[in-house]
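Fold and geometry: a report
What follows is the residue order along each chain.
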Amino acid sequence: MTSRGAGRIAARAASAYVRAMPDIPLVHARERADLLDPRELAALGGLEFVARAVVEGFIAGLHRSPHRGFSVEFAEHRMYQPGDDLRYVDWRMFGRSDRYYIKQFEEETNLRCYVLLDTSASMGWTSGSGLPSKLWYAQQLAASLSLLLLRQGDAVGLIGFDDLARVHIAPRGGQRHWHELLQALERLGPSGRTEAGSALRDVTGRLRRRGLVVLISDLLVDQATTRLALQYLRHRGHEVVVFHLIDPGERELPPGIGDARFVDPETGEELPVSVADLRREYRDAVQHAIEEWRATLRPQGIDYEVIDTDAPLAHALRAYLHKRERLG
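Here's a quick rundown of the structure. Owing to the predicted nature of the structure, the values given are computational and were not obtained by experimental measurement.

1. Remarks on the packing of helix α7 (residues 196-206) against helix α8 (residues 223-235)
- Close contact between α7 and α8 brings their axes to 8 Å; oriented N to C, the two are set at 15 degrees. Classified by the angle between their axes, α7 and α8 sit roughly parallel to one another. Note that α7 runs across α8; the crossing there is left-handed. Counted together, A196, G197, L200, R201, V203 and T204 of α7 and T225, T226, A229, L230, Y232 and L233 of α8 form the full contact between these two elements.
- Class assignment of the residues belonging to the contact of α7 with α8 gives a composition of 7 nonpolar, 4 polar and 1 charged.

2. With respect to the pattern of salt bridges
- This structure, assessed with the given rule, holds 14 salt bridges.
- Between D34 and R32 there is a salt bridge; the shortest N-O distance is 2.6 Å.
- Here E56 makes a salt bridge to R151, at a shortest N to O gap of 3.1 Å. Of the two residues, E56 sits in helix α3 (residues 47-63) while R151 sits in helix α5 (residues 134-151), which places them 95 residues apart along the sequence.
- Relative accessible area serves as the criterion here: at 10%, E56 is assigned to the buried category.
- Residue classification places R151 among the buried residues on the basis of a relative accessible area of 5%.
- The structure contains a network of salt bridges with shared partners spanning K134, D218 and E250.

3. Focus: the pairing of strand β9 (residues 270-274)
- Bridge count for strand β8 (residues 259-263) against β9 is 5 bridges, and the pairing is antiparallel. Considered in β9, the bridge of A260 is made with V273.
- In this structure, the hairpin formed by β8 and β9 is closed by a connection of 6 residues, where G268 is found at a positive phi of approximately 80 degrees.

4. Points about α8
- Spanning 13 residues, α8 covers 18 Å between terminal C-alpha atoms, matching the ideal 18 Å at 1.5 Å per step.
- Listed as buried for α8 are Q223, T226, A229, L230, Q231 and L233.
- Next to the buried residues of α8 lie α7, β6 (212-217), β7 (239-246) and α10 (275-297).
- In this structure D222 caps α8, since a side-chain oxygen of it lies 3.3 Å from the backbone nitrogen of A224.
- Of the residues flanking the end of α8, it is G237, one or two places downstream, whose phi is positive at about 95 degrees.

5. A closer look at the environment of V55
- For V55, the location among the structural elements is in helix α3.
- Spatially, the C-alpha atom of V55 lies 7.4 Å from that of L147, the residues being 92 residues apart in sequence.
- Ignoring sequence-local partners within four residues, the contact set of V55 consists of S144, L147, L148 and R151.

6. Topic: the nonpolar core
- Core analysis: the largest hydrophobic core is formed by 53 residues, its most contacted members being L158, I216 and F243.
- With 12 residues, the top contributor of residues to this core is α5.
- Dropping the residues within four chain positions of it, L158 is found in contact with Y114, V115, L117, V167, H168, I169, L181, A184 and L185.

7. Considering a negative patch on the surface
- Together, D259, D277, E281 and D284 make up a region of like negative charge exposed at the surface.
- Here D259 is to be found in strand β8.

8. Looking at the sheet that holds strand β5 (residues 165-172)
- The strand order β5-β4-β3-β6-β7-β10 describes an open sheet built from 6 strands, whose pairing is mixed. Edge positions in the sheet fall to β5 and β10 (303-308), since each of these pairs with one other strand and no more. Averaged over all pairs of adjacent strands, the angle between strand axes in this sheet comes to 15 degrees, irrespective of strand direction.
- Taken together, the 6 bridges between β6 and β7 define a ladder with parallel strand orientation. Opposite L215, over in β7, you have V242 as the bridge partner.
- Running at roughly 175 degrees to strand β3 (residues 112-118), α5 makes contact with β3, β4 (155-161), β5, β6, β7 and β10 of the sheet.

Parameters and conventions
- Residues numbered from 1 in each chain as written.
- Predicted model: local features only at pLDDT ≥ 70, side-chain atom pairs only at ≥ 80, totals over all residues.
- Heavy atoms only, no water.
- Axes fitted to C-alpha atoms, helices over the stretch in contact; angles between N-to-C directions.
- Helix = DSSP H or I, 4+ residues; strand = E, 2+ residues; numbered from the N terminus.
- Parallel < 35°, antiparallel > 145°, perpendicular 65-115°, else oblique.
- Left-handed = near helix turned anticlockwise from the far one by under 90°.
- Contact = heavy atoms within 4.5 Å.
- Nonpolar A, V, L, I, M, F, W, Y, C, P; charged D, E, K, R; others polar.
- Salt bridge = Lys/Arg side-chain N within 4 Å of Asp/Glu carboxyl O.
- Buried < 20%, exposed > 50% of the residue type's maximum accessible area, 1.4 Å probe, protein only.
- Pairing = 2+ DSSP bridges.
- Expected span 1.5 Å × (residues − 1).
- Polar contact = N/O pair within 3.5 Å; in protein donor to acceptor, adjacent residues only side chain to side chain.
- Core = buried A, V, L, I, M, F, W, Y, C linked by side-chain atoms within 4.5 Å.
- Patch = residues over 30% accessible without salt bridge, like charges linked within 9 Å, V, L, I, M, F, W, Y side chains within 5 Å.
- Areas by Shrake-Rupley, 256 points an atom, 1.4 Å probe, with all protein chains shown as cover.
- Lys, Arg positive; Asp, Glu negative; His and termini not counted.
- Charge placed at Lys NZ, Arg CZ, Asp CG, Glu CD.

Following this line, the structure appears as structure tokens:
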């Protein structure tokens, strides 16, 4: 069997298991879950429902956009012909048009991907006003990305880490595996200090052939160690995407506050400061840190995306999509 043939079978198998999942209606364009404010998204329900709603909304948006490159899973519709497999009938199209249409699929590449999720104590922080924590955002993003990967016939694994790898699930495909990933994500809580370098080195030893590594972190890490580990992954031929999560309250110090005491959530260290005196320097320091990450990672071929945790998940999913399209 050729790799092209095996890829097509994998694509059809992946699509079949997605159809076996309990159906949920497409979210209306104006209410697409992938475009919702995270505060609204958090009110929708649990991790599985949110991830599926986000992916359904995202794919619905793609079908209306020029980005048909995502169609490694879905290519186009054609009219039903006698003898066609009824599993590929698009029942939503039938509900709208009273006609039978068949979904057609394109070749898959069976990529192996590891999602690395930072679970250190700082990820549990939020600036408030109903905004979920960075870890909550990371869990929704990891679950949504995993579902997209699995729908494309790719294999996806998960490593949750702080200073050590706390959860490790090897890359596999299938519906049962996605539920295993969801259960692992739901068990993760914020604790400990961040040491991304050891998790990245761990992945390097486990990926025996070219794969994709997605790091989701607030990057409150040792930058030199983490940067070297990321560059080593690229040197070994792996594709790397870094999602740098930032709470809006981390970009700007809150207004109307004079003296304050800053507390490091990972070490407990306290620092008394005058917020008014520090405001401009703080803003410049945050921007400098972002630019430094961008300047050191992108020349190495590492995709670096800053994601504010009050932004819809569609931002991160589009960044992943562009990366996936380049991988072919």
